Amino acid sequence: MLRRRLNRLLGRDERIADRRTIYVGHRSGSTNDAIIPPKFCDNRIVSSKYTVWNFLPKNLFEQFRRIANFYFLIIFLVQVIVDTPTSPVTSGLPLFFVITVTAIKQGYEDWLRHKADNEVNKYPVTVIEDGRRIRKESEKIKVGDVVQVEEEETFPCDLILLQTSRDDDTCFVTTASLDGESNHKTHYTVPDTGRDLESLNATIECEQPQPDLYKFVGRMHIYTSNQDPAMRSLGPENLLLKGATLKNTQRISGVAVYTGMETKMALNYQGKSQKRSAVEKSINAFLLVYLCILVSKALVCTTLKYAWQGTPGQDEPWYNEKTQTVKETNFYLKMFTDFLSFMVLFNFIIPVSMYVTVEMQKFLGSFFITWDKDFFDPEIKEGALVNTSDLNEELGQVEYVFTDKTGTLTQNNMEFIECCIDGFQYKYRDASSELDGFCVTDGPVSKLQQKAGREREELFLRALCLCHTVQVKEPIECHDQGDGLMDQVDGLEADGQETSSLQEQRGFIASSPDEVALVKGAMRYGFTFLGLESKTMKILNRNNAVEMYELLHVLNFDPVRRRMSVIVRSKSGDILLFCKGADSSMFPRVRQEEVERIRMHVERNATEGYRTLCVAYKYLSAEEYNQADKGLREARLALQDRDEKLMAVYNQVETGMSLIGATAVEDRLQEEAAETMMALQGAGINVWVLTGDKMETAKSTCYACRLFQRNTELLELTVRTLEDGGRRREKRLHDLLNEYYKKAVLDAPPVKGGVTRSWSSTNQDYGFIIDGATLSMVLNSSESNSSRYKNLFLQICQNCTAVLCCRMAPLQKAQIVKMVKNSKGSPITLSIGDGANDVSMILEAHVGIGIKGKEGRQAVRNSDYAITKLKHLKKLLLVHGHLYYVRIAHLVQYFFYKNLCFILPQFLYQFFCGYSQQPLFDAAYLTMYNICFTSMPILAYSLFEQHISIEVLLDNATLYREIAKNAMLRWGPFLQWTLLSLYHGLLFFFGVRFLFSNPALQDNGQVFGNWSFGTIIFTVLIFTVTLTLALDTRHWTWINHFVIWGSLAFYVFFSFFWGGIIWPFLKHQRLYFVFANMLSSVSTWLVIILLILLSLMPEILLTVFCKPRGSNARQMKHRLPSSGTSTIFMLSQTASTHSFSWSD
């Protein structure tokens, strides 16, 4: 490290800092060189947040960054320092409870992370040292160690493949845990290294660690005695990544190049940014209001106290003379101290325990998603997964859904449908009907029932058999296989009906399901790929003769070129290049006279929703091949700008090709995809499809999902429409945006409640289509136009029923989500996808949902929630999201309501006690009000309440709109709850004061004191706030009954118990026998019952006379079942036989 810094300071080659040198097996590359072992990090993985030593200070620091916690800490310190009317225990104990519960929860979560880290770090691995195999813990691997990995094991660090048990010097891996792709990938050993690792003398020069999974640049110097060192290029095909799993290979050996937190897996791990829900923002706003009320109360009381004391005789009555110390105290200091004392007295208006209740509600409530049996998929034997419980209620506030297409709207299960050769369509029916296995269904009218030449047919099929990276998994003997003739790899089965029994047992391994579908398509027509052995590709032609081709080079697929090629040499010595790719990338590189006869078929197949690829070939002369071979080898040895150099060679070789034909592969729709999309639109949710696929295919999928209807007018903003006008693109973009804005926004009737489909014939539905290139122009145009284009684009999209964005790069998907998320009104966004290319938009959206699909688990690991099928999104939002939001909104409003009810009598009492800061309630009541007496009923309500039945929520998507835009936590409902708490607080205080107008309430004529006065108010308060919640409960379980009636019983028991014993640790036994004595008065009983009834009267009248808002006739028929029949819901919200709704 020091040497690198010195090199930079002294102006030497700066690029040296971007490289690292590794000694394979820690052996010197040259006998003359001494090894200076470089310092690299160890192989420990650390994902935990705390250690035993820093947990307490770090966790406390993080918790006290929350405003409410910090506020209560200040109040507690004021109570300790200043002589306040209440004990420090009254605020210290609730604060301690909240901090402790939160710390235990966070500590437990971090302990799980430690446990997971230890499982990885302590995993035993095999390291080869001096020819011996030694078992070590994974964390002890060092850079340069030669590691041996067995089949089905996970690579413990990033390795360069040196040796494999396979004869063709390859191995297969799956990288589902890294990039989300579950298909098998092929990796290759470095040439000339695999024979004898014990005597291998080599060094590796490679780039410093960086997170790109698909990029690796390096070279290996192999030293042999009396010869110059041989140099071999290293690329991603030689690198085995930590977290990937070895498949279909008995064992491999590789040298560690990146370890621990420098592996690509660790560099790709990013702690998801903390997502805050709209509810939390509302809580903070309400908290600010209540803080203002608190300060106002304290100021009013302080002012009135000194105004009252200004009256002669009131400041220092004869029975309460001031001490000398008090007289000498500074007047303003005294006033400030009194202000703090009032703040302490009224501080319970801020509900600190609400935070811990909300945390518990979110954590426990998330289990209902996990337990939902409707989300269970019997195929993969998994259900839904909750990665973030903090966003449960956001599921009920979604306004925009951004969905991927392949694997999300579709199944990512590819099936070969048809092909086109020289303009003639070939569609498979039945191989037995024709000798050569071809069946022509239709084609150009003038050429109906005609075929291309046999030579062209065979050339096309050879291209399908050779231009790919598919590997063949050899058949397994029947007695070992158990169920016989069919071998399955990654869910892809050899097509046994059309092939021989040997081929039935053959499985294909590929990184893309498209490639397997094409190889199987060639099998249907008589050309079978037999495999790759020692750089020789074998195919079985229609005549059952084996053809052999030497594989010279593979020009790998990449998303920029959107094509891939192979260069092969036939037995006759001819060198051919076969290429396949997207039409937009292939048509400019072939002879233009060949394009038109293929274009019609490609466009028709895309319109029908099929994935299309064009196939071309080219004969290379010896001179052309030598030039290409030299360029490829030089580019692959380069350490700097390797990708750019390779791209230049690829583009040079892939020109002047001959177009043979095209293929069509079908990716079927997901189960109930159309119904799900219709339900989301019915709920007022805007659906945007973001895909990297071509426009025609994606448009067809949107029609199939009913996002676009036949009467939908499509507004297209693509490269094609920009070039139609013949003007400059920028000018054409400006004109089109203004035209679409006038049509979709200015001339359209106003829409209420979100953009939804118009079922009447009077209104026109619009759909918007944009591609990646045009989106770049919109987002990256000149500064003067950029913001205007963005605003026009957004307004057009927001007035369309559906939006399709095609040819999108992953970064562009995230840009679109971010643009909508930051638009006017800050709408709640949800992104759903199944692949690694969807991770960026999943992380960007307010709520990210991953689908456990065929592209692996990268999306799942980065999501907030994971489901197994797209159809589950409907229930997740319309049922779980709706109920979660209603529950937590009621929880928040109820907490503020009951705390204002609690503290308002205390405030009013100051007007009748000379502003002396005399507490109305005993310290035990102050402490336990939020912790014990009123906490459990609202927690149970927020977990089990169903104000509308599950069936009604699923069948009537429009109910979702009633809670949209945070409807239950706006200022209107907040004001209603505040007025209700003011009514209750005033009624409690003045009702009991009216009772005390004649204080001789006992039979013996004795009078009640101030503690009896406060206890009666507190009793009415406890019963009223608890029964108010009971009246709001629409779905009763035995748990609701237990906690509601149990809380009331516990209060009565505690009051008897607390006042019935002389406690030795209390200086003042204020409530000794007060509660029992109070209940001996009939008048007290009468007033308590009467005040409770008067308090509940508004709620009762509303329930009796007002119909539930937004309920339809069918909804009203769903009555509450008896509590005995509804308790099953405690474990799952999926009991579809139960119906819960409003009840009179």
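Residues numbered from 1 in each chain as written. Predicted model: local features only at pLDDT ≥ 70, side-chain atom pairs only at ≥ 80, totals over all residues. Heavy atoms only, no water.

Caption draft 1: Quick peek at a negative patch on the surface. Together, Asp212, Asp641, Asp643 and Glu644 give the surface a local cluster of negative charge. With respect to the helices, strands and loops of the structure, Asp212 is situated in the loop between strand 8 (202-207) and strand 9 (218-222). Under the relative-accessibility criterion, Asp212 is labelled partly exposed at 33%. (Patch = residues over 30% accessible without salt bridge, like charges linked within 9 Å, V, L, I, M, F, W, Y side chains within 5 Å. Areas by Shrake-Rupley, 256 points an atom, 1.4 Å probe, with all protein chains shown as cover. Salt bridge = Lys/Arg side-chain N within 4 Å of Asp/Glu carboxyl O. Lys, Arg positive; Asp, Glu negative; His and termini not counted. Charge placed at Lys NZ, Arg CZ, Asp CG, Glu CD. Helix = DSSP H or I, 4+ residues; strand = E, 2+ residues; numbered from the N terminus. Buried < 20%, exposed > 50% of the residue type's maximum accessible area, 1.4 Å probe, protein only.)

Caption draft 2: Focus on unusual backbone geometry. Positioned with a positive phi, Glu672 is a non-glycine residue whose angle comes to about 60 degrees. Positive phi is not limited to glycine here, since Ser826 has a value of about 45 degrees. For Ser826, a relative accessible area of 47% puts it in the partly exposed group.

Caption draft 3: Main features of the nonpolar core. Formed by 99 residues in total, the largest nonpolar core has its most connected members in Val892, Tyr925 and Phe1018. When residues in this core are grouped by element, the largest group, 18 residues, is from helix 28 (residues 872-909). Excluding residues that lie within four positions of it along the chain, Tyr925 makes contacts with Phe902, Phe933, Thr1015, Phe1018, Tyr1051, Phe1054, Ser1055, Leu1071 and Phe1075. Cys702, Cys705, Cys806 and Tyr960 belong to the second-largest nonpolar core, a separate cluster that totals 52 residues. (Core = buried A, V, L, I, M, F, W, Y, C linked by side-chain atoms within 4.5 Å. Contact = heavy atoms within 4.5 Å.)

Caption draft 4: Broad picture of the sheet that holds strand 10 (residues 230-234). The strand order across the open sheet built from four strands is 1-8-9-10, with neighbouring strands paired in antiparallel fashion. Among the strands making up the open sheet, the edge pair consists of strand 1 (19-23) and strand 10. The sheet shows a mean angle of 20 degrees between the axes of neighbouring strands, taken without regard to direction. As paired elements, strand 9 and strand 10 share five bridges and run antiparallel to each other. Paired with Arg219 across the bridge in strand 10 is Ser233. (Pairing = 2+ DSSP bridges. Axes fitted to C-alpha atoms, helices over the stretch in contact; angles between N-to-C directions.)

Caption draft 5: Region of the structure containing the pattern of salt bridges. In the structure shown here, the tally under the stated rule is 38 salt bridges. For Lys869, the salt bridge identified is with Glu671, shortest N-O distance 3.9 Å. Of this pair, Lys869 sits in the loop between strand 35 (865-867) and helix 28 while Glu671 sits in the loop between strand 28 (658-669) and helix 19 (673-682); the two residues are 198 residues apart in sequence, bridging distant segments of the chain. The structure contains a network of salt bridges with shared partners spanning Asp377, Glu671, Lys869 and Lys871.

Caption draft 6: Region of the structure containing the sheet that holds strand 15 (residues 400-403). Spatially, the nine strands line up as an open sheet ordered 14-35-34-33-15-29-32-31-30, and their pairing is mixed. The open sheet terminates on both sides in strands that have one partner only, identified here as strand 14 (385-386) and strand 30 (713-717). As judged from the five bridges shared by strand 31 (residues 766-771) and strand 32 (residues 802-806), these two strands associate in the parallel manner. By the bridge assignment for strand 32, Ile770 is matched with Cys805. The strands touched by helix 22 (residues 729-746) within the sheet are strand 30 and strand 31, with strand 30 carrying the most contacts at an inclination of about 155 degrees. Sitting on the sheet, helix 25 (residues 810-821) is in contact with strand 15, strand 29 (686-690), strand 32 and strand 33 (829-833), with an inclination near 160 degrees to strand 29.

Caption draft 7: Local environment of helix 36 (residues 1082-1105). When the terminal C-alpha atoms of helix 36 are compared, their 33 Å separation across 24 residues agrees well with the 34 Å that a helix rising 1.5 Å per residue should span. Its maximal kink placed at Met1097, helix 36 deviates by approximately 45 degrees, while the proline Pro1098 follows within four residues. Among all positions in helix 36, only Thr1084, Val1087, Ile1088, Leu1091, Ile1092, Ser1095, Leu1096, Glu1099 and Thr1103 are buried. Against the buried residues of helix 36 lie helix 32 (971-995), helix 33 (1010-1032) and helix 35 (1074-1078). (Expected span 1.5 Å × (residues − 1). Bend = angle between axes of the 7 residues up to and from the residue.)

Caption draft 8: Structural view of the packing of aromatic side chains. As enumerated under the stated definition, the model contains 49 aromatic pairs in all. Judged by centre distance (5.3 Å) and plane angle (70 degrees), the ring pair of Phe286 and Trp971 falls under edge-to-face. Separated by 685 residues along the polypeptide, Phe286 in helix 7 (residues 278-309) and Trp971 in helix 32 bring together distant segments of the chain. When the ring of Phe402 is compared with that of Trp688, the centres are 5.4 Å apart and the planes differ by 70 degrees; the resulting orientation is edge-to-face. In this pair, Phe402 is assigned in strand 15 and Trp688 in strand 29, connecting sequence segments 286 residues apart. This pair shows no difference in class: Phe402 is buried, exactly as Trp688 is. The lysine or arginine in question, Lys535, covers the ring of Tyr188, its NZ or CZ lying 5.5 Å from the ring centre. (Phe/Tyr/Trp six-rings, centres within 6.5 Å; stacked < 30°, edge-to-face > 60°. Lys NZ or Arg CZ within 6 Å of the ring centre and 35° of its normal.)

Caption draft 9: Quick look at empty space enclosed by the protein. One pass over the structure, following the stated rule, counts four cavities of 30 Å³ or more. Taken as a whole, the largest cavity spans an internal volume of roughly 90 Å³. Lining the largest cavity are Tyr188, His468, Thr469, Val470, Gln471, Phe529, Leu532, Met537, Leu551, Val554 and Val566. Those elements that provide at least two residues to the lining of the largest cavity are strand 22 (528-533) and strand 24 (546-555). Looking at the lining of the largest cavity residue by residue, the classes come out as eight nonpolar, three polar and no charged. (1 Å grid on protein atoms, 1.4 Å probe; cavity = no way out; pocket = protein on both sides within 12 Å on 5 of 7 lines; lining within 4 Å. Points joined across faces, edges and corners; volume = space filled by probe spheres on them. Nonpolar A, V, L, I, M, F, W, Y, C, P; charged D, E, K, R; others polar.)

Caption draft 10: A look at a nonpolar patch on the surface. A cluster of nonpolar side chains, namely Val300, Phe911, Phe912, Leu975, Leu979, Leu982, Leu986 and Phe990, defines an oily patch on the protein surface of about 680 Å² accessible area. For the nonpolar patch, the element with the most residues is helix 32, which contributes five residues. Topologically, Phe911 is positioned in the loop between helix 28 and helix 29 (923-933). On the accessibility criterion, Phe911 (35% relative accessible area) is partly exposed.

Caption draft 11: Fine view of the side chain of His947. Mapping His947 onto the fold places it in the loop between helix 30 (935-944) and helix 31 (950-955). Overall, the relative accessible area of 11% leaves His947 in the buried class. A distance of 3.2 Å separates the side chain of His947 from the side chain of His882, its partner in a polar contact. (Polar contact = N/O pair within 3.5 Å; in protein donor to acceptor, adjacent residues only side chain to side chain.)

Caption draft 12: How the structure looks around the confidence of the model for the protein. Put simply, the protein has an average pLDDT of 78, and 81% of its residues get 70 or more. Note on residues 430-449: pLDDT under 50 across the span, and 37 contacts to partners over four residues away in sequence or across chains. Taken as a whole, residues 752-762 scores under 50 in pLDDT and shows 27 contacts with residues more than four places along the chain or in a different chain. (pLDDT = per-residue confidence, 0-100.)

Caption draft 13: Inspection of the packing of helix 32 against helix 36 at higher detail. In contact at an axis separation of 10 Å, helix 32 and helix 36 are set at 155 degrees when each is read in the N-to-C sense. The angle between helix 32 and helix 36 falls in the class roughly antiparallel. Judged by the twist between their axes, the crossing of helix 32 over helix 36 is right-handed. Within the contact between the two elements, helix 32 uses Tyr983, His984, Leu987, Phe988, Gly991, Val992 and Leu995 and helix 36 uses Ser1083, Thr1084, Val1087, Leu1091, Leu1094, Ser1095 and Pro1098. (Parallel < 35°, antiparallel > 145°, perpendicular 65-115°, else oblique. Left-handed = near helix turned anticlockwise from the far one by under 90°.)

Caption draft 14: The arrangement of the packing of helix 10 (residues 353-371) against helix 30 in detail. One way to put it is that helix 10 packs onto helix 30 with a least axis distance of 9 Å and a crossing angle of 35 degrees. The handedness of the crossing between helix 10 and helix 30 is right-handed. Judged by residue contacts, Thr357, Met360, Gln361, Leu364, Gly365 and Phe368 of helix 10 engage Leu939, Ser942, Leu943 and Phe944 from helix 30. Considered class by class, the residues forming the contact of helix 10 with helix 30 number six nonpolar, four polar and no charged.

Caption draft 15: Examining the UniProt feature "transmembrane region" (unreviewed entry) in the protein more closely. As recorded in UniProt, the sites labelled "transmembrane region" (unreviewed entry) are residues 64-82, 285-308, 339-358, 974-996, 1008-1030 and 1042-1065. Its end C-alpha atoms 35 Å apart, residues 285-308 is made of 100% helix and 0% strand. In this annotation, residues 1008-1030 is assigned 91% helix and 0% strand; the end-to-end C-alpha distance for the span is 32 Å. (UniProt positions renumbered as here; feature names shortened; annotations may be inferred.)

Caption draft 16: Structural detail: the environment of Asn711. Structurally, Asn711 is set in the loop between helix 20 (695-704) and strand 30. Along the backbone, Asn711 and Asp765 are 54 residues apart, and their C-alpha atoms lie at a distance of 7.3 Å. Filtering out sequence-adjacent residues up to four positions away, Asn711 remains in contact with Gln764 and Asp765.

Caption draft 17: Up close: the side chain of Ser138. Tracing the backbone through its elements, the reader meets Ser138 in the loop between strand 3 (132-137) and strand 4 (146-150). In contact with Ser138, not counting residues within four places along its chain, are Asn43, Val120, Asn121, Lys122, Tyr123, Val125 and Pro156.

Caption draft 18: Region of interest: the environment of Phe367. Mapped onto the elements of the fold, Phe367 is located in helix 10. Each C-alpha atom, one on Phe367 and one on Ser389, is 9.1 Å from the other, the two residues being 22 residues apart in sequence.

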